[in-house]
Amino acid sequence: MAHRAALSKAELEAARIVWNLEDATVRQVLEAMPPDRQVEYKTVQTFLRRLQAKGYLHARREGKTIHYRPRVRAIQVVRETVRDFVARLFDGHALPLVEHLISDRGLSADEIAGLRAMLNRLEADQNDRQNR
């Protein structure tokens, strides 16, 4: 796993927009920002340059316009961010995080069913590996 500098909340917001658009200019990212988010063109430009410098985006120039596209898939950033978070806050143990999320937010009946199905699959996979 390549180690990249962590993203700020604002950088992550800009990166998500580029991931969704797949190819974006500063103006397109600015226009895709939430309406309540009052941010200047130059600020968005700074976010995108930082994302490029940190290795999250590619940039290519077309005339006077710079187009940004993802260099790293969103799922990879989620995976890396969660691993780092679990390592720092929970000493690398996922169960305390899951327990916290469930006790803090609760689960709907559908979520419980989904979690139960996931646990059943994990258990079956473990049994398959043990029986080999």
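Refer to the structure above for everything that follows.
Residues numbered from 1 in each chain as written. Predicted model: local features only at pLDDT ≥ 70, side-chain atom pairs only at ≥ 80, totals over all residues. Heavy atoms only, no water.

Visitor: What should I look at first to understand a nonpolar patch on the surface in this one?
Guide: A cluster of nonpolar residues, Leu95, Val98, Ile102, Leu107 and Ile112, forms a patch on the protein surface that exposes about 370 Å² of accessible area. Look at Ile112 and you get partly exposed, because its relative accessible area is 37%. (Patch = residues over 30% accessible without salt bridge, like charges linked within 9 Å, V, L, I, M, F, W, Y side chains within 5 Å. Areas by Shrake-Rupley, 256 points an atom, 1.4 Å probe, with all protein chains shown as cover. Salt bridge = Lys/Arg side-chain N within 4 Å of Asp/Glu carboxyl O. Buried < 20%, exposed > 50% of the residue type's maximum accessible area, 1.4 Å probe, protein only.)

Visitor: Looking at this structure, how should I read the pattern of salt bridges?
Guide: If you walk through the whole model with that rule in mind, you get six salt bridges. A salt bridge links Arg4 to Glu80; the nearest nitrogen and oxygen atoms lie 2.6 Å apart. With Arg4 in the segment before helix 1 (9-21) and Glu80 in helix 4 (residues 74-90), the pair connects residues that are 76 residues apart, well separated along the chain. Looking at Glu80, the relative accessible area reads 13%, which means it is buried. One salt bridge in this structure joins Glu13 and Arg37, with 2.6 Å as the shortest N-O distance. Placement of the pair is Glu13 in helix 1 and Arg37 in the loop between helix 2 (26-32) and helix 3 (41-53), with a sequence separation of 24 residues. Bridged by salt links that share partners, the residues Asp23, Arg60 and Glu62 form one connected network. (Helix = DSSP H or I, 4+ residues; strand = E, 2+ residues; numbered from the N terminus.)

By themselves these figures say nothing about function.
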